[in-house]
2 protein chains.
Amino acid sequence: MSISSQNADALAERLSHSGLRATPQREVVYNVLLKKRDHPTADEVFARVKSELPTISLATVYNCLETLVQCELVRAVNFERGPTRYCPNLRPHAHFHDEHTGKTHDIDLPADLLDKVSSVLPQGYDAKSVEIIFRGKTAPH
Amino acid sequence: MSISSQNADALAERLSHSGLRATPQREVVYNVLLKKRDHPTADEVFARVKSELPTISLATVYNCLETLVQCELVRAVNFERGPTRYCPNLRPHAHFHDEHTGKTHDIDLPADLLDKVSSVLPQGYDAKSVEIIFRGKTAPH
DNA sequence: GCGATAATTAGAACTATTCCAAACTTAGGC
DNA sequence: GCCTAAGTTTGGAATAGTTCTAATTATCGC
Ligand SMILES: [Mn+2]
Ligand SMILES: [Mn+2]
Ligand SMILES: [Zn+2]
Ligand SMILES: [Zn+2]
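Residues numbered from 1 in each chain as written. Chains lettered and ligands numbered in written order. Predicted model: local features only at pLDDT ≥ 70, side-chain atom pairs only at ≥ 80, totals over all residues. Heavy atoms only, no water.

## Describing the overall build of chain A
Spelled out, the test is: The secondary structure listing takes helices from DSSP runs of H or I that are at least 4 residues long and strands from runs of E that are at least 2 residues long, numbered from the N terminus. When checking whether two residues touch, look at their non-hydrogen atoms; a contact exists if any pair is within 4.5 Å. Note on areas: these come from Shrake-Rupley sampling with a 1.4 Å probe, and a residue is covered only by the protein chains present in the view.
In terms of helices and strands, chain A carries five helices and five strands. For chain A, the α and β elements follow one another from N to C terminus as α-α-α-α-β-β-β-β-α-β. For chain A, the C-alpha atoms occupy an extent of roughly 50 × 40 × 30 Å along the three principal directions. Contacts in chain A between residues far apart in sequence, at least 24 positions, make up 43% of those at least 6 positions apart. Of the roughly 8,000 Å² of accessible surface on chain A, 51% is carried by carbon and sulfur atoms.

## Observations regarding the relation of the copies chain B and chain A
Spelled out, the test is: Alignment of the copies relies on least squares applied to C-alpha atoms, considering only residues that score at least 70 for pLDDT in both.
It takes a turn of 180 degrees to lay chain B on chain A, together with a shift of 0.0 Å along the axis; the resulting RMSD is 0.0 Å. Such a combination of rotation and displacement between the chain copies is what one expects of a two-fold axis. When C-alpha distances to the rotation axis are compared across chain B, the minimum falls at I132 of chain B, with a value of 2.4 Å.

## Some words on the domain arrangement of chain A
Residue and element names in this part refer to chain A. Note the following rule: Each domain's extent is set by a domain assignment, obtained either automatically or from a database. Buried area is understood as the total, over both parts, of accessible area removed when two parts are fitted together, assessed with a 1.4 Å probe.
Taken as a whole, chain A is organised into domain 1 (3–86) and domain 2 (91–136). The C-alpha-based centres of domain 1 and domain 2 are spaced at 23 Å. Facing the seven residues of domain 1 at the interface are eight residues of domain 2. Both faces considered, domain 1 and domain 2 share a buried interface measuring about 780 Å² in area, 51% of it formed by carbon and sulfur atoms. Ranking the residues of domain 1 by area buried against domain 2 places H39, R75 and F79 at the top, with a combined share of 69%.

## Considerations on the packing of aromatic side chains
In plain terms, the rule: By convention, a stacked pair of Phe, Tyr or Trp rings (six-membered ring in the case of Trp) has centres within 6.5 Å and planes under 30 degrees apart, an edge-to-face pair has planes over 60 apart, and any other such pair is tilted. Residue burial is assigned from relative accessible area. The probe radius is 1.4 Å, only protein chains are included, and a residue is buried under 20% of its type maximum, exposed over 50%, and partly exposed in between.
In the structure shown here, the tally under the stated rule is four aromatic pairs over all chains. Ring centres of F96 of chain A and F134 of chain A lie 6.4 Å apart, and the angle between their planes is 25 degrees; this geometry places the pair in the stacked category. Residue F96 of chain A is found in strand β3 (residues 93–98), and its partner F134 of chain A is found in strand β5 (residues 125–138); the two are separated by 38 residues along the sequence. Each member of the pair, F96 of chain A as well as F134 of chain A, is classed as buried. One aromatic cluster is present, formed by F96 and F134 of chain A together with Y125 of chain B through successive ring pairs.

## Re the coordination of the zinc ion (ligand 4)
All names here are of chain B. Test applied: With water excluded from the atoms, a metal site may look incomplete; its donors are any N, O or S atoms within 2.8 Å, or within 3.2 Å for Na, K and Ca.
For the zinc ion (ligand 4), the full set of protein donor atoms is H39 (NE2), C87 (SG), H93 (NE2), H95 (NE2) and D106 (OD), at a range of 2.1 to 2.4 Å. The sequence pattern formed by the donor residues of the zinc ion (ligand 4) is H-x47-C-x5-H-x1-H-x10-D. Classification of H93 as buried rests on a relative accessible area of 4%. When its relative accessible area of 1% is taken as the criterion, H95 is described as buried.

## A look at the sheet that holds strand β4 (residues 104–108) of chain B
The condition is simple: Any two strands between which DSSP finds at least two bridges are classified as paired. Orientation is described by axes fitted as lines to C-alpha atoms, over the contacting stretch for helices, and by angles from 0 to 180 degrees between their N-to-C directions.
Here we have six strands laid out as an open sheet, ordered β4(A)-β3(A)-β5(A)-β5(B)-β3(B)-β4(B), and mixed in their pairing. Pairing within the sheet leaves two strands with one partner each, and these edge strands are β4 (104–108) of chain A together with β4 of chain B. Ignoring strand direction, the axes of neighbouring strands in this sheet form an average angle of 30 degrees. Bridge analysis of β5 of chain A against strand β5 (residues 125–138) of chain B gives 13 bridges, and the strand direction is antiparallel. Following the sheet pairing, F134 of chain A is matched in β5 of chain B by V130 of chain B.

## So, the protein's contact with DNA strand D
We count it as follows: When we say a residue is near a molecule or strand, we mean one of its heavy atoms is within 4 Å of it. Under the rule applied, a polar contact is a pair of N or O atoms within 3.5 Å (in protein, one hydrogen donor and one hydrogen acceptor; residues adjacent in sequence only if both atoms are side-chain atoms).
In the neighbourhood of DNA strand D, 17 residues make up the surrounding shell, with Y62 and T84 of chain A together with T23, R26 and T60 of chain B lying closest. Put simply, 73% of the atoms of DNA strand D that lie within 4 Å of the protein are in sugar or phosphate. Within the side chain of R26 of chain B, a nitrogen or oxygen atom sits 2.6 Å from a phosphate oxygen of DNA strand D. Secondary-structure elements contributing two or more residues to the surface near DNA strand D are α4 (58–70) of chain A together with α2 (24–35) and α4 (58–70) of chain B.

## What to know about the interface of chain B and chain A
Applied cut-off: Salt-bridge detection follows one rule: a side-chain nitrogen of Lys or Arg within 4 Å of a carboxyl oxygen of Asp or Glu.
Contacts between the two partners involve 35 residues from chain B, matched on the other side by 35 residues from chain A. Buried area between chain B and chain A, both sides added, is near 3,000 Å², and the carbon and sulfur share of it is 57%. Sorting the residues of chain B by area buried against chain A places R81, Y125 and F134 of chain B first, and these three jointly supply 20% of that buried surface. Notably, a salt bridge pairs K137 of chain A with D126 of chain B, separated by 3.0 Å at the nearest N-O pair. Across the chain B-chain A interface, the total number found is 17 residue pairs in polar contact (both at pLDDT 80 or more). Sorting the residues of the side of chain B that touches chain A by element identifies β4, α5 (113–118) and β5 of chain B as the ones contributing at least two each. Looking at which element gives the most residues to the side of chain B that touches chain A, the answer is β5 of chain B, with 14 residues.

Have a look at this one:
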């Protein structure tokens, strides 16, 4: 069984679990995200998907991306008011936004860090998610 | 000397330091932020400022807010793709976004926490800023 | 295969923000 | 106290990213 059909199965499983259908558009969008994990925008996903599904529309790309986010197969990532970026990395991780290159890097987090960070919350605050964003520059080469 | 004129002086100082001028619009926008620290949007700031300067324009509110952010008297805060919110709290702090009420709460951070968080960065990553966002609900009353 | 339901599509609409060019204000130099 | 240059404000147009709409097409269970 190919990697891609494993992914397709995982996707179909998650989709049907939410009463949603597996479609070629959803599969291709998801595969595009898995193939090049550079946190593309919806426009960039659109461009990549087009080579396989030339008639897909931008609206469908937005629909598919939102579906994937809701199935928790993909995370939406925002920096300031820039276009939303999409990330298929499901491990707990932070994002480093390189202001020079514009590139976004995943920073894997030690198992206990998010708990440690959440422990600063006063009584009565119940966090469902924690997001950590670094902004700065990365060394060359 | 009133609190408000102390703020006005601090503002004038920061502005002239950057070769910028103190204007009534900038002062009123800054005072509005200091007076009610509920992370208002530009539109909300506009509405509040109007009662003191009825002829101010929305473009000017955006200009003033950007100026204040550049002088580092105010932080711009974003949640997903919602409108930018403005925060005059200069202590190191995280934001807690209550999904039920839509309200944003400041979470003061212990002195060492941001360093601890930054220490997860691999060699070669140089973070100029770290941002922490919690999302969830707060207990009633 | 058929009907019900879900998904896709193109384009219009929307929201928050930025851009623009003209008018106004302010700080200095005389 | 005026003049000029520079900075600022203003209303409206433009823009970017996303969401909405209504029509068409695909899929699923029977
Ligand atoms: Mn993130
Ligand atoms: Mn923040
Ligand atoms: Zn990521
Ligand atoms: Zn704040």
